[in-house]
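Descriptive structure summary
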Amino acid sequence: MRAVDIIIKKRDGVELTKEEINFFIKGFTEGSIDNYQASALTMAIYFRGMTDQEATDLTEAILHSGDILDLSQIGGIKVDKHSTGGVGDKTSLVVGPLVASLGIKFAKMSGRGLGHTGGTLDKLESIPGYDISMSEEDFISQVNKIGIALVGQTGELAPADKKLYALRDVTGTVESIPLIASSIMSKKLASGADAICLDVKVGSGAFMKTIESATTLARLMVQIGKACGKDMTAILTNMDEPLGLAVGNSLEVIEAIQTLNGQGPKDFTELCLEVASHLVVAGKLANTLEEARKKLEAQIQNKEGLHTLANLIKAQKGDESYIYHPEKFSKAKYVYPVCATQAGYVSHIDALAIGNVAMMLGAGRSKIGEDIDHAVGIVLNKKVNDLVQENDCIAYIHSNKKDVTEEVKELQNAFSYSSGPIESKLILKVIK
Ligand code: URA
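Residues numbered from 1 in each chain as written. Predicted model: local features only at pLDDT ≥ 70, side-chain atom pairs only at ≥ 80, totals over all residues. Heavy atoms only, no water.

So, on to the pattern of salt bridges. This model, assessed by the stated rule, comprises 24 salt bridges. Residues D80 and K188 are paired through a salt bridge, measuring 2.9 Å at the closest nitrogen-oxygen approach. Taken as a pair, D80 in strand β1 (residues 78–83) and K188 in helix α9 (residues 177–190) lie far apart in primary sequence, 108 residues in all. With its nearest N and O atoms 2.9 Å apart, the salt bridge here joins E252 to K123. Within this pair, whereas E252 is found in helix α11 (residues 249–260), its partner K123 is found in helix α6 (residues 120–124), the two being separated by 129 residues in sequence. Both residues of the pair, E252 and K123, count as buried. (Salt bridge = Lys/Arg side-chain N within 4 Å of Asp/Glu carboxyl O. Helix = DSSP H or I, 4+ residues; strand = E, 2+ residues; numbered from the N terminus. Buried < 20%, exposed > 50% of the residue type's maximum accessible area, 1.4 Å probe, protein only.)

A word on empty space enclosed by the protein. Taken as a whole and assessed by the stated rule, the structure comprises 2 cavities of 30 Å³ or more. Here the second largest cavity is characterised by a volume of approximately 80 Å³. What lines the second largest cavity is a set of 13 residues, among which F24, I25, L41, I45 and L58 lie closest to the centre. Of all the secondary structure elements, the ones that give two or more residues to the lining of the second largest cavity are α2 (18–30) and α3 (35–48). (1 Å grid on protein atoms, 1.4 Å probe; cavity = no way out; pocket = protein on both sides within 12 Å on 5 of 7 lines; lining within 4 Å. Points joined across faces, edges and corners; volume = space filled by probe spheres on them.)

A word on the pairing of strand β8 (residues 344–349). Among the 6 residues in β8, 5 count as buried, and that is most of the element. Relative to strand β12 (residues 415–418), β8 runs antiparallel, the two being bridged by 4 bridges. Its bridge partner lying in β12, H348 is registered against S416. (Pairing = 2+ DSSP bridges.)

Lining the immediate surroundings of the ligand are Y165, R168, I180, S183, I184, K187 and F207. Note that a nitrogen atom of the ligand is positioned 2.6 Å from one of the side-chain N or O atoms of S183. Side-chain polar atom of K187 to an oxygen atom of the ligand: 2.5 Å apart, as the coordinates give it. Listed by contribution, the elements that provide at least two residues to the shell around the ligand are α8 (159–171) and α9. Looking at the shell around the ligand element by element, the count peaks at 4 residues for α9. The class makeup of the residues in the shell around the ligand is 4 nonpolar, 1 polar and 2 charged. (Near = heavy atom within 4 Å. Polar contact = N/O pair within 3.5 Å; in protein donor to acceptor, adjacent residues only side chain to side chain. Nonpolar A, V, L, I, M, F, W, Y, C, P; charged D, E, K, R; others polar.)

Judged by nonpolar contacts, the single largest core of 76 residues is most densely connected at V99, I354, I378 and L411. If we ignore the near neighbours within four places in the chain, the residues touching I354 are V87, P242, V247, I349, I378, L380, L411 and A414. One finds F139, A149, L189 and I224 within the second-largest nonpolar core, a separate group that totals 37 residues. (Core = buried A, V, L, I, M, F, W, Y, C linked by side-chain atoms within 4.5 Å. Contact = heavy atoms within 4.5 Å.)

The following block contains the structure:
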């Protein structure tokens with residue numbers, strides 16, 4: 001077999017076999033197939049697409065390029081969730097503790113933030129002492145003991161994806177549905193859970209700009225997961241505004257704590273309950289989504305979700321008193337209100353722009369390994385369909401630098417207005 005023949009075959013729109021895909025990914029991972037040939041293949045895939053079978057074969061080839069976590073030592077059904085990348089998305093910090101408080105095992109490996117979306121690990125590290133690194137053995141033991149672990153990657157999961165993604169990033173081939181699906185699913189499958197709920201973001205702040213493209217991606221990921229024996233759900237959710245009000249690491253942890261206290265923003269609370277309900281049904285603790293939701297709401301009422309978050313923080317060497325005293329989180333030096341430039345109903349808040357402002361303030365990183373400032377960020381004061389008057393406060397900037405002229409301008413430009421309320425829905429579709 002030769003790499004060039006596989007590239008030519010895909011270039012000409014012919015379906016690749018499992019053997020050909022395995023040969024290519026193995027060679028690429030080992031280094032016998034070079035970057036230029038992998039770039040040519042990803043570009044051919046970008047233009048020609050892949051059948052569902054090819055995408056499944058590609059996912060499995062990438063999955064088997066590295067370690068696969070064996071969670072069989074954890075009793076019961078293990079669940080996991082994944083979001084395709086949202087601004088203000090701290091869902092794992094609420095969903096994990098809520099489902100774990102009901103006895104479902106939430107064993108999750110998360111990533112750091114890069115670009116305009118924040119990473120769960122960075123958010124957790126705004127709690128002093130929180131340790132994201134753990135051996136596989138300790139990870140399994142903690143999930144068995146307290147039902148939850150939220151850690152960085154242990155072992156080397158899907159190394160082929162790491163190499164391939166770096167290449168796609170610089171060759172204009174990120175936005176290919178089979179390549180995105182295989183990239184996400186190879187990593188999720190390597191993490192070893194039995195049931196996975198995917199939150200596929202749709203809108204200006206997301207990879208998928210339309211419901212149609214998001215549906216195609218979600219269907220493909222669900223199909224790949226099922227082909228690998230997993231219980232799969234994908235939820236399509238609106239990213240035409242940031243999720244909740246807070247964007248920035250400790251600000252988002254505080255919002256997650258408020259949500260577990262029953263005082264979270266409506267849209268964020270709704271999304272958490274939706275994702276968690278699917279996981280509770282998948283974990284066989286409820287027969288219907290309604291029954292699951294009632295159980296989860298009770299865990300907010302009785303604070304069991306909050307206590308589970310505190311247990312998680314403590315188990316991972318963090319100071320759990322922050323969960324009960326969020327006023328302890330270090331604060332930015334300055335808080336600046338941002339005023340509306342016109343009157344009207346807020347019709348859109350560009351999540352990408354808000355994410356970029358958070359980065360300008362130092363909440364995110366533009367290069368791997370950069371330091372971030374956990375205290376800074378943005379707290380929205382208005383959301384889509386709120387009526388504002390000119391000069392009303394639409395957001396607050398939490399900053400450690402004095403001059404935020406640029407950030408204020410960008411934030412003001414991120415808001416659009418209309419003369420009346422618009423139709424807006426958070427959960428757009430559920431695909432099983
Ligand atoms: N996230 C991933 O992990 N991979 C992609 O290709 C796109 C988003």
